[in-house]
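# Summary of the model geometry
Chain by chain, the residues:
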Number of protein chains: 2
Amino acid sequence: MSPVSDLVDVLIIGAGPAGLTAANCFNGTNLRVRVIDRKDGPEKAGRADGLKSISLEILDTFGIGDTILKDSQRCEEIVLWNPDKNGVIKRTMTIADKVEELMKPREVTLDQGRIEAVMGENLQKHGSVKISWNTQPVDVKLDSRLKDDPESYPITVTLQNNATDTIETICAKYVIGSDGARSWLRKHLNIKFTGDLTDSTWGVLNMIPKTNFPDIRKVFVVHSTRGTVMGVPREDKLVRFYISMDGGHRNTSLDAKSVTAENIVTAAQAILHPYTLEAGNIPWWSAYCVGQRVADEFSHQNRIFLAGDAVHTHSPKAGQGMNTSIQDGYNIGWKLRYCLERKCDTALLSTYESERRPIAQALINFDREYLEFFARTDTTHDEFLKAYVAAQKFTTGIGIQYPTSLVVQTMETQAQSHFLATKLAHGMRLPDFQMVNQSDGVPIRAYHRLSSDGRFRILVFPGDIAEGAATDRFSRLGDRLAKGLTRNPGVEIITVHSSRRADVELMDLHPVFRPWDDENGWNYWTVYADDDSYHDGHGHVYERCGIDRNTGCIVLLRPDGYVSLICGLEDTGAIEGFFDRLKVKEVVVDIGKKEVNGDIRGDVLTLGSLIQV
Amino acid sequence: MSPVSDLVDVLIIGAGPAGLTAANCFNGTNLRVRVIDRKDGPEKAGRADGLKSISLEILDTFGIGDTILKDSQRCEEIVLWNPDKNGVIKRTMTIADKVEELMKPREVTLDQGRIEAVMGENLQKHGSVKISWNTQPVDVKLDSRLKDDPESYPITVTLQNNATDTIETICAKYVIGSDGARSWLRKHLNIKFTGDLTDSTWGVLNMIPKTNFPDIRKVFVVHSTRGTVMGVPREDKLVRFYISMDGGHRNTSLDAKSVTAENIVTAAQAILHPYTLEAGNIPWWSAYCVGQRVADEFSHQNRIFLAGDAVHTHSPKAGQGMNTSIQDGYNIGWKLRYCLERKCDTALLSTYESERRPIAQALINFDREYLEFFARTDTTHDEFLKAYVAAQKFTTGIGIQYPTSLVVQTMETQAQSHFLATKLAHGMRLPDFQMVNQSDGVPIRAYHRLSSDGRFRILVFPGDIAEGAATDRFSRLGDRLAKGLTRNPGVEIITVHSSRRADVELMDLHPVFRPWDDENGWNYWTVYADDDSYHDGHGHVYERCGIDRNTGCIVLLRPDGYVSLICGLEDTGAIEGFFDRLKVKEVVVDIGKKEVNGDIRGDVLTLGSLIQV
């Protein structure tokens, strides 16, 4: 074995969506994080392309959502075509691609390589994470004697550089394996990849189509007597086509390896007849037989974690692959950062598998139903709409609820909390509402404000604080939080009141809600109004969260935007208890940032002498 | 003289806002454009910071408006403070910083250097324009014998590189002098800079203030017995302060050169008393006596043009400097490109001075009134609001109307056209309305669509084309346009109909409205609906433009978004007459772009064999 050349807190194997998301969770830290990938750079073309709103919100917390949105194609409509009694295809249904609760587009599409490039550039901009291309692991060893010592580097990894043909040995505290469906790490750890191939062969193709098919810029599903084609509009005039290569009849003898791009185009032409279709540029294509598999384990000894395609594969047609991978990476990313920075109970890390594995299993079931549903030719408008809306609750993430754990409060409390915020729940994600900054009147979306900085947030919804009794109540809460926070530093408090913004003076509020920084003065980005904005309407935050303006509540939000607990304004003890159970052992004193991003302005709550260093 | 080392179509002297805007007008051309600047790179800190909505729209046409908006601070409110009878300052007025017609924020602020950096990066991305830093002109000669030959390079420029201490001689067809208030070129051409200094000395300072002044994140004007301070919130927790250094009493003996940053902070502290103010980081400050001047001439022999601060200076307080410069650069930029590419009548270039010089003169008058207005302490709410709204019609550009010229149709036609589009006018700017793409349902703002590609646009407002007679009328218009366009290539046709989007099939429309490209098929970004969108509301285009849904009209739009003429749907002869007068001599055949930007997708209208090459 060559001498150890590097000690890293986290090694991430695989610079795809899961790995790059996990890596971006470490922006702004002093932790040593390294990403390696066998490839010589980001994907050039092809592979995944669908970004759900939840993924865009995650990218928003990294400060890059807008950059990606700008280049993306929005999907606004879904159309269904079926053969009429003469076998001629006819448009039978047009549906808005819209999930009412989201209040924004459900999905956009963009080439995976462009998304990876922006994520990689963001790492470079922050400078905290290094990507080594042309690099793959050839051996990974975990020293179990060291695994319970939080300061140890128990994992020894041998890396091979394929460009220079050199070997390097590094030691890591933690390893994330996001190395794809054929994961070397999963195989090396002997973790089973349970499931099976479906028996249908599909061709997938990115193409600039020259066609008179009228719905080419919408999401379309065309059932014909000659098979099925599904299309998704993409950036730069591209369209992603999915085409059944066995003419709609399951043909187990068809080998995906024998399929050519010409075969796929010919099949599409036959299905779309009598409309014409001529192939323009085809930057990428593939043929596959869908494998639906989930790994038996997502982690090994709470030191090595698998994420993304390494632990789940399924059909690409629901556009869930990249999104589930991004959510995997986001989930393990903040937890590792929190354990490393806050020295909390490493039991937190067990929640990665307990939260993400059920999602992967649900995704396989969803995928199976989705494939069958799209294969049907007899769906009525109402059936389709109902099934579609139900599906989107899952794909958009708004229907996902993580189980009770160290970081999701128990159900007992939840029964009570449900009364305080009838449209939120423990273990569910905060909706992306718009709120208006108290100090300058600028409206902002929640996930533009909730930057990925590894902190829990205490979201205070105090109701109408302009009114006498509520003003006092809010002030008393400030006293209690200031006192309690000496035990829970690194927590940010954000207030969203329901008063008219004009009736509140920021400087009259308890200082804990607008913390002071010796270098930069008061923080103006911690108090917001649920009020009308001058140019962008009203966010209706209290209504969307089901919070009563007289009762109010506190929402403890995890660094990934999921709700840990909901409690009453008087019940700050619940929050203190939460952090006690998490056993945050060491205080990391955040210092006010000098360079504050235009969107985030994440000045950090510091209570000066109150913090025990 | 050293041998000529370079031949350029356009030399731009000065890489400030005016020069960089002019340079960005040439993105995507094969013309040879070079920018030089004495500085060693973009401004590091300070100078201008206010971007009006019109400037952001111009940046949108370059594809960089969103990038700049993301980093900027929005200004949403203006507050006035005055001394009470005891001399204690009190907030006397809060006004929404809102111009109803704009339907978006009127102003954002961002450091000039960051704006210049994004504009420079955009030139680099397109690769058509080169910036040479550390480079200044030491001699410019115009050979008048060659000036009427469009193919000649009549201007010989001697350049000095201050880093390498070398001399270079280049020849240019045209020169733009955007080299600032002390313009070397203006002095070299002996052009008078008429006007005078005002007699008030002001300090200006960018600072992170540590203060309990409650309106520090709004635009504020504080009149006190100890002087006046005006503040504008900025990105990154900065505030721009303007402070009268002579205590509000005009003091001609005060020398701006003697003012220090400490003086300015002390003056601000005195004015804001009893509120506390402590200086955090001060990245930039300056002191000045306002000079209000306009150059007697904006151009020389229609070969050399002056723009920006080189031809107008005034108070920075109305935030007009950078905006007027950007508009100057945008105006001369497209005209030079059009003359060089289309070989049209160079009389077009005379309209630069006839359009921009009156604006500069109006700006000086506006500035004078604005300064006096803000100096008053007795303004009532209604007076302020009235004056403010009137001022914003000017500063936002929506009240500006260019006079009749080769590219703005005469008033006679206008009287008629005013009936067709009651809220538009010849010589005025198109409002930035939202429209919905017919093919995919995605809403887009006009100036995101109207990329700066040097083309005139025929905007067709055909009304409700789903209804029988109107369908035929629209189709006949298509026939006429297809025929007429053989004489006017390089014109893009964009349709905004008022039918329900669901009632129109793109493929049923005349091909001239959705042009074909042999490589990429049909164009899906030329037909839009004035209809509700799924996620972003309704643009109400016809209502905002005052267009009758039964009558409809055609708007001929200049490459810079100003209306050349408005005519009836049957009156395409008016458009042909317009281009005949412009004498476009040579046809430049646009080819469909391969790489289509996510926002713009500016596939070019090509009618194949119909075009006379």
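Quick look at the structure, then.

Procedures and definitions
- Residues numbered from 1 in each chain as written.
- Chains lettered and ligands numbered in written order.
- Predicted model: local features only at pLDDT ≥ 70, side-chain atom pairs only at ≥ 80, totals over all residues.
- Heavy atoms only, no water.
- Least-squares fit on C-alpha atoms with pLDDT ≥ 70 in both.
- Contact = heavy atoms within 4.5 Å.
- Axes fitted to C-alpha atoms, helices over the stretch in contact; angles between N-to-C directions.
- Helix = DSSP H or I, 4+ residues; strand = E, 2+ residues; numbered from the N terminus.
- Parallel < 35°, antiparallel > 145°, perpendicular 65-115°, else oblique.
- Left-handed = near helix turned anticlockwise from the far one by under 90°.
- Nonpolar A, V, L, I, M, F, W, Y, C, P; charged D, E, K, R; others polar.
- Core = buried A, V, L, I, M, F, W, Y, C linked by side-chain atoms within 4.5 Å.
- Buried < 20%, exposed > 50% of the residue type's maximum accessible area, 1.4 Å probe, protein only.
- Domains from an automatic or database assignment.
- Pairing = 2+ DSSP bridges.

## Looking at the relation of the copies chain B and chain A
Mapping chain B onto chain A calls for a rotation angle of 180 degrees and an axial translation of 0.0 Å; the resulting RMSD is 0.0 Å. The transformation just described matches what one would write down for a two-fold rotation axis. In terms of C-alpha distance to the rotation axis, chain B has T67(B) as its closest residue, with the C-alpha 3.8 Å off the axis. When the interface residues of chain B are mapped onto chain A, 100% of them are again interface residues, pointing to one common binding face.

## Details of the packing of helix α1 (residues 17–24) of chain B against helix α7 (residues 321–342) of chain B
All names here are of chain B. Two numbers describe how α1 lies on α7: the axes approach to 7 Å, and their chain directions differ by 30 degrees. The angle between α1 and α7 falls in the class roughly parallel. Taken as a pair, α1 and α7 cross one another with a handedness that is right-handed. Each of P17, A18, T21 and A22 in α1 lies in contact with α7, whose residues at this interface are M322, S325, I326, G329, Y330 and G333. Taken together, the residues that form the contact of α1 with α7 break down as six nonpolar, four polar and no charged.

## Things to note about the nonpolar core
If you look at the biggest cluster of nonpolar residues, it comprises 147 residues, and the most contacted ones within it are F461(A) and F241(B). Among the elements that take part in this core, helix α7 (residues 321–342) of chain A stands out by supplying nine residues, more than any other. Residue-level mapping places this core at the junction of two domains, with at least three residues from each of domain 1 (6–72 + 110–194 + 293–373 + 382–396) and domain 2 (414–582) of chain A. In this view, F241(B) contacts G203(B), V204(B), L205(B), M207(B), P209(B), I216(B), F220(B), V229(B), M230(B) and L277(B); residues no more than four positions away in its chain are not counted. Formed by 146 residues, the second largest nonpolar core is a distinct cluster that contains I36(B), I304(B), V504(B) and A574(B).

## Quick notes on the sheet that holds strand β24 (residues 457–461) of chain B
All names here are of chain B. Taken in spatial order, the seven strands of this open sheet run β23-β22-β28-β25-β24-β29-β30, and their pairing is mixed. Edge strands, defined here as strands with exactly one partner in the open sheet, are β23 (443–445) and β30 (563–567). Taken pair by pair, the neighbouring strands of this sheet meet at an average axis angle of 30 degrees, ignoring direction. Two strands pair when backbone bridges link them, and β24 and strand β25 (residues 492–497) are joined in this way by four bridges, in the parallel orientation. When the bridges of β25 are listed, I458 appears paired with I493. Running at roughly 165 degrees to β24, helix α12 (residues 468–484) makes contact with β24, β25 and β29 (553–557) of the sheet. Docked against the sheet, helix α14 (residues 572–582) engages β24, β29 and β30, running at close to 150 degrees with respect to β30.

That is the geometry; function is a separate question.
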